Amino acid sequence: MNDACKIDGYTSADALMEALEEVGISYLFCNLGSDHPSMIEALAKAKQEGKKLPKAIICPHESVALSAAQGYAMLSGETQGVVIHTDVGTQNLGGAVHNAFRARIPVFIFAGETPFTMGGELPGSRNSHVNYLQNVYDQRGILRSYVKWEADIRTGKNVKQLVYRAMQMAQSDPAGPVYLTGAREVLEEHVEKLPDSWREWTAIEQSSLPKRGLNEIVSALLEAEHPVLITSYLGRRTKAVPELVELCEKLAIPVVEQIPTYVNFPRDHPLHLGYDPNSFVQKADVIIALDTDVPWVVTQAQPKDDCKVFFIDIDPIKEEIPLWHIPTVKNYRADAFESLCQLNEALAQSDINKEQVQERYRLLAEQHDEQRKAWDLNEQVKGDIITPEWLTACLRQVVDEGTVILDETITNTMTVSKHLPRSKTGTYFTSGGTSLGWNGGAAIGMKLADPTKTVVSLTGDGTYLFSVPASVHWMSRRYQAPFLTVIYNNEGWNATKMNLLKRYPDGVAKQTDSYWVNFDQSADLAKIAEAAGGAYAQIVTDPWELPEVLQQAMTEVKNGRSAVVDVRLANISNQKDY
Ligand SMILES: Cc1ncc(C[n+]2csc(CCOP(=O)(O)OP(=O)(O)O)c2C)c(N)n1
Ligand SMILES: [Mg+2]
């Protein structure tokens, strides 16, 4: 039976693609399959006719596709698309969708649904055994805990509405990924052309603090002796950062970045007091938790009973985390930038005790200096071993203030934050979630978002393997998105070992040196990138050779070729558990 489609006419897939262009998507990170013929046709027709549609980027692995869309949005603020194959492609998104969801990154995800007719009843009907095996009860259920919105296209007649609705949901705070599905029959349906009505589907405007709340916070801050501000992702809106600086300078409030996802406060500023909130939380009389999910961990530190905690966040009670609690006097659902502007305006009219503020500023600046001096002491080379501190200090020599750093170095993340202090907004990112393997795809997304930027991805060795480096580096060469990767290679999963030692400090695992986390006989990790994408690949073991290799790698990147430097640190164990 010849059930091939007529090539003339306008299909739901044409409308879908057109809508994606209308909503401003530049790239579709695609992993295509038997669900997508009409979408591929739509792209090909548009190419032939010179009609502008989002550019399709081939992604050999879906998790890389989604991480790339996340990276793109983190750097540029712009939502991108991911197109994947039925239930199997959806499952391959894996932890990347956890990261996008937890980091509140808008991404439009489309997956085909397997055809819902078997006997040629409709164009697009099943024509392969895979169409049977990919028929599951609840494909959208796979992602339901990780997306803000999901829907299935039932008819091509309203496909544009579904795209607009998806984007409105994705981009309204708290932002996040959305998931649209559609079966082949629906995508091949011939439909009337629909007008562009995207401008009617506006996202929610940013919200501000209520007047009473504003006054309460201002009074508490004016009276405070030991205030502290804790933040993790305020820098997602870069313009909030100078407002935070203004507020903190006005009142001498120290800032602690707790597991930062962005540059939230210049890290060389005298009021930046590092990355460990515990001592501040214990001493504070007023805490402002502003754009953070977990300002402190209650088993590590607790505020005093009479400490006033104000939580200001686009989602202050963490509606997507079933068990969560921070004791607060008030929670406000408000945007950080708007709130900071309000606080600064209100303080301009307030009576500030200048003497008290100046004295506090002086003490905090001293504390900042002491903290940095103590950190600097760790940068010395010890014997012939490369320490993470030395590696990071060497990296500091090859980056400039505008270089974009992606940090997925896990147990070395604090080292990177301390020894490669970023002061410009938009120059430091982490995944914002906990699923390893974000950095490679995200680096490609960031480079595509702004090809003028130099992008440097720092990763643990385990995390590098999670990132599907063959897929990443094939894409890097194909789409001219060169970046530098530096692997903090301690030959294993140090985080897993450290966590075990915290729970069982004298356990049998410790006594017998058996942890099942050791990757010694390490793979030649950089060569994976060389094989897949022609990357410049180097292993470094000598601390004194490191500066030159990093410099050479950076030169390669600036000349348009990705580079991977596999830096061998001290092995985390000598155990023999294999
Ligand atoms: C997808 C995923 N799988 C497993 C884990 C659990 N996990 C957390 S840290 C870690 C080890 C990471 O190793 P590496 O990147 O080498 O960093 P290191 O701990 O050695 O600093 C693992 C396996 C996770 N967070 N995400
Ligand atoms: Mg490791």
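Now for a description of the structure that goes with this document. (Residues numbered from 1 in each chain as written. Chains lettered and ligands numbered in written order. Predicted model: local features only at pLDDT ≥ 70, side-chain atom pairs only at ≥ 80, totals over all residues. Heavy atoms only, no water.)

Glancing now at the site of ligand 1. Around ligand 1 sit 17 residues in total, of which T411, D461, G462, T463 and A495 are the nearest. T411 has a polar side-chain atom sitting 2.4 Å from an oxygen atom of ligand 1. Mapped onto the shell around ligand 1, the elements with two or more residues apiece are α17 (461–466) and α19 (494–503). No other element matches the four residues that α17 contributes to the shell around ligand 1. (Near = heavy atom within 4 Å. Polar contact = N/O pair within 3.5 Å; in protein donor to acceptor, adjacent residues only side chain to side chain. Helix = DSSP H or I, 4+ residues; strand = E, 2+ residues; numbered from the N terminus.)

Between its terminal C-alpha atoms helix α10 (residues 240–251) stretches 17 Å, which fits the 16 Å expected from 12 residues at 1.5 Å a residue. For α10, every residue scored as buried is listed here: A240, V241, E243, L244, V245, L247, C248 and L251. Tucked inside the fold, the buried residues of α10 contact α9 (211–223), β7 (227–231), β8 (255–257), α12 (336–348) and α13 (354–377). Positioned one or two residues after α10, A252 has a phi angle of 55°, which is positive. (Expected span 1.5 Å × (residues − 1). Buried < 20%, exposed > 50% of the residue type's maximum accessible area, 1.4 Å probe, protein only. Contact = heavy atoms within 4.5 Å.)

Right, let's get into the coordination of the magnesium ion (ligand 2). D461 (OD), N490 (OD1) and G492 (O) make up the full set of protein donors to the magnesium ion (ligand 2), lying at 2.0 Å. Summarised as a motif, the one-chain spacing of the donors to the magnesium ion (ligand 2) is D-x28-N-x1-G. Within this pair, whereas D461 is found in helix α17, its partner G492 is found in the loop between β15 (484–489) and α19, the two being separated by 31 residues in sequence. For the pair D461 and G492, a shared accessibility class is recorded, and that class is buried. (Donors = N, O, S within 2.8 Å, 3.2 Å for Na, K, Ca; no water.)

What follows deals with the nonpolar core. Core analysis: the largest hydrophobic core is formed by 52 residues, its most contacted members being I217, I287 and I288. When residues no more than four places from it in sequence are discounted, the contact partners of I217 are L209, I288, F310, I312, Y332 and L343. With 42 residues, the next largest nonpolar core counts A68, A69, V404 and Y479 among its residues. (Core = buried A, V, L, I, M, F, W, Y, C linked by side-chain atoms within 4.5 Å.)

This part is about the pairing of strand β10 (residues 308–313). Of all six residues that make up β10, five are buried, and the element is covered over most of its length. Where strand β9 (residues 286–290) and β10 come together, five bridges link them in parallel fashion. The residue bridging L290 from the neighbouring strand is I312, located in β10. Pairing of β10 with strand β11 (residues 330–333), which is carried by four bridges, proceeds in the parallel orientation. Within β11, the position partnered with I312 by the bridge is Y332. (Pairing = 2+ DSSP bridges.)

Let's shift gears to the sheet that holds β10. The parallel open sheet is built from five strands, whose spatial order is β8-β7-β9-β10-β11. Only two strands of the sheet have a single neighbouring strand rather than two, namely β8 and β11. Averaged over all adjacent pairs, the angle separating strand axes in this sheet is 20°, with direction ignored. Pairing analysis gives three bridges linking β7 to β8, with the strands arranged parallel. Across the sheet, residue T231 finds its bridge partner in β8, namely E257. (Axes fitted to C-alpha atoms, helices over the stretch in contact; angles between N-to-C directions.)

Further remarks concern the packing of aromatic side chains. For the structure shown, the criterion picks out 10 aromatic pairs. Consider the rings of Y275 and W375, whose centres lie 6.0 Å apart with planes at 25°: the pair is stacked. With a gap of 100 residues between them, Y275 in the loop between β8 and α11 (278–283) and W375 in helix α13 connect regions that are remote in the sequence. Among the residues examined, W375 registers a relative accessible area of 10% and is labelled buried. Ring geometry for F311 and W324: centres 5.6 Å apart, planes at 75°, overall edge-to-face. You can see F311 sitting in strand β10 and its partner W324 sitting in the loop between β10 and β11, a full 13 residues away along the chain. (Phe/Tyr/Trp six-rings, centres within 6.5 Å; stacked < 30°, edge-to-face > 60°.)

Per the stated rule, a full pass over the model turns up 27 salt bridges. Among the salt bridges present, the one from E18 reaches K51, with a minimum N-O distance of 3.0 Å. Remark: K51 occurs in the loop between α2 (37–49) and β2 (55–58) and E18 occurs in helix α1 (residues 12–22); sequence separation between them is 33 residues. You can call E18 buried: its relative accessible area is 10%. Exposure remark for K51: the relative accessible area of 31% places this residue in the partly exposed category. The partner of R267 in a salt bridge is E257, and the shortest N-O contact between them spans 2.6 Å. You can see R267 sitting in the loop between β8 and α11 and its partner E257 sitting in strand β8, a full 10 residues away along the chain. (Salt bridge = Lys/Arg side-chain N within 4 Å of Asp/Glu carboxyl O.)

Right, let's talk about the side chain of S476 for a bit. By secondary structure assignment, the location of S476 is in helix α18 (residues 469–478). In contact with S476, other than residues within four places in its own chain, are I444, A481, P482, F483 and S562.

Moving on to helix α3 (residues 62–76). Three or four residues apart is the spacing at which side chains of an α-helix point the same way, because the helix has 3.6 residues per turn. For α3, spanning 15 residues, the distance from its first C-alpha to its last is 21 Å, which sits close to the expected 21 Å at 1.5 Å a residue. Of all the 15 residues making up α3, 13 are buried; the element is thus mostly covered by neighbouring parts of the structure. With its phi angle positive at about 80°, G77 sits one or two positions after the end of α3.

Another point: the pairing of strand β17 (residues 563–568). The buried fraction of β17 is high, at six of six residues. Here β17 shows two buried faces, one formed by A563, V565 and V567 and the other by V564, D566 and R568. Inspection of the sheet shows β15 paired to β17 by six bridges, in the parallel sense. If you follow I487 over to β17, its bridge partner there is D566. Pairing analysis gives five bridges linking strand β16 (residues 536–540) to β17, with the strands arranged parallel. Of the residues in β17, the one forming a bridge with Y536 is A563. Handedness of the crossover joining β16 and β17 through helix α22 (residues 546–558): right-handed. (Right-handed = clockwise from strand over helix to strand, strands pointing away.)

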